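Analysis of the macromolecular model
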Amino acid sequence: MQTKRKIAVFALLLGLTIPSIAPLARAATANMPAVWAVSIALPATINAGSTAKAQVTLMDPNGAAITSPVTLSWSSSNASVATVDQNGLVTAVAPGTATITAKAPSGSTGSIAIQVLAAPTQSATSSTSASNKKTSRNHTSETKHTNNKDSKKH
């Protein structure tokens, strides 16, 4: 509450109206750091019926890693192939390709493509699992930056 009052007083001194600074007040009271880059790591392939937790790296405008909690919005480009929950847990549904995207409150996004493979049959499960462990590698995502007045220009 103290922060909102300070912002409101400062805004009045500058001649700004409360609606024009509402986004700043929400960001200040939420104590969310400015996210400049979102990078996601997931296995390149996932078997249908399996899950994988996305590993996320957030960077501030100076390139420093953000360690404080930031709430991300998650989405999948193809929910019939893979879904993702609000915590970044990806569930492989059926064979195909999907892009998993995480969006920070600042508007910065990170996306990663994954390929879902058919679930192994019962008789091939043990040999396929061992093979996947040897060949499956994590890959990282591409990042998109927003161009807003609070972000540094690169």
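Residues numbered from 1 in each chain as written. Predicted model: local features only at pLDDT ≥ 70, side-chain atom pairs only at ≥ 80, totals over all residues. Heavy atoms only, no water.

1. A closer look at the overall build of the protein
For the protein, the count of helices and strands is three helices and eleven strands. Counting the 154 residues in the protein, one finds 29% classified as buried. Once local pairs closer than 6 in sequence are excluded, the contacts in the protein between residues at least 24 apart make up 59%. Carbon and sulfur atoms make up 56% of the accessible area of the protein, which totals about 9,600 Å². (Helix = DSSP H or I, 4+ residues; strand = E, 2+ residues; numbered from the N terminus. Buried < 20%, exposed > 50% of the residue type's maximum accessible area, 1.4 Å probe, protein only. Contact = heavy atoms within 4.5 Å. Areas by Shrake-Rupley, 256 points an atom, 1.4 Å probe, with all protein chains shown as cover.)

2. Some points on the nonpolar core
Soluble globular proteins tend to bury their nonpolar side chains together. Of all hydrophobic cores here, the largest spans 25 residues; its most connected members are Ile40, Leu42, Trp74, Ala82, Val90, Ile100 and Ile114. Secondary-structure elements contributing two or more residues to this core are β1 (37–43), β6 (82–84), β7 (89–92), β8 (96–103) and β9 (109–117). (Core = buried A, V, L, I, M, F, W, Y, C linked by side-chain atoms within 4.5 Å.)

3. Structural notes on the sheet that holds β6
Spatially, the three strands line up as an open sheet ordered β3-β7-β6, and their pairing is antiparallel. What marks the edges here is a single partner per strand, and that holds for β3 (51–53) and β6. On average, each strand axis in the sheet is tilted by 20 degrees relative to the strand beside it, whichever way the strands run. Pairing geometry for β3 and β7, over three bridges, is antiparallel. Bridge assignment links Thr51 to a residue of β7, and that residue is Thr91. (Pairing = 2+ DSSP bridges. Axes fitted to C-alpha atoms, helices over the stretch in contact; angles between N-to-C directions.)

4. Examining the pairing of β7
Burial of β7 is one-sided: the residues Val90 and Ala92 facing one way are buried, the residues Leu89 and Thr91 facing the other way are not. As defined by bridge partners, β6 adjoins β7 across three bridges and the pair is classed as antiparallel. Residue pairing in the sheet places Ala82 in a bridge with Ala92 of β7. Where β6 folds back onto β7 in an antiparallel hairpin, the turn is made up of four residues, including Gly88, whose phi is positive at roughly 85 degrees.

5. Thoughts on the environment of Ala54
Mapped onto the secondary structure, Ala54 falls in the loop between β3 and β4 (55–59). Taking the C-alpha atoms as reference points, Ala54 and Ser39, separated by 15 residues in sequence, lie 9.8 Å from one another. Residues contacting Ala54, with those up to four places away along its chain left out, are Ile40, Ala41, Leu42, Trp74 and Gly88.

6. Section: the environment of Leu72
Along the chain, Leu72 falls in the loop between β4 and β5 (73–76). A relative accessible area of 14% means that Leu72 is categorised as buried. Considered as a pair, Leu72 and Lys103 are 31 residues apart in the sequence and their alpha carbons are 5.4 Å apart. Aside from chain neighbours lying at most four places away, what touches Leu72 is Val56, Leu58, Gln86, Ala102, Lys103 and Ala104.

7. Notes on the confidence of the model for the protein
The pLDDT averaged across the protein works out to 76; a share of 58% of its residues lies at or above 70. Below a pLDDT of 50 lies the segment residues 1–14, which in the model reaches eleven contacts outside its immediate sequence neighbourhood of four places, other chains included. (pLDDT = per-residue confidence, 0-100.)

8. Examining the environment of Leu42
Mapped onto the elements of the fold, Leu42 is located in strand β1. By relative accessible area, Leu42 is classed as buried at 0%.

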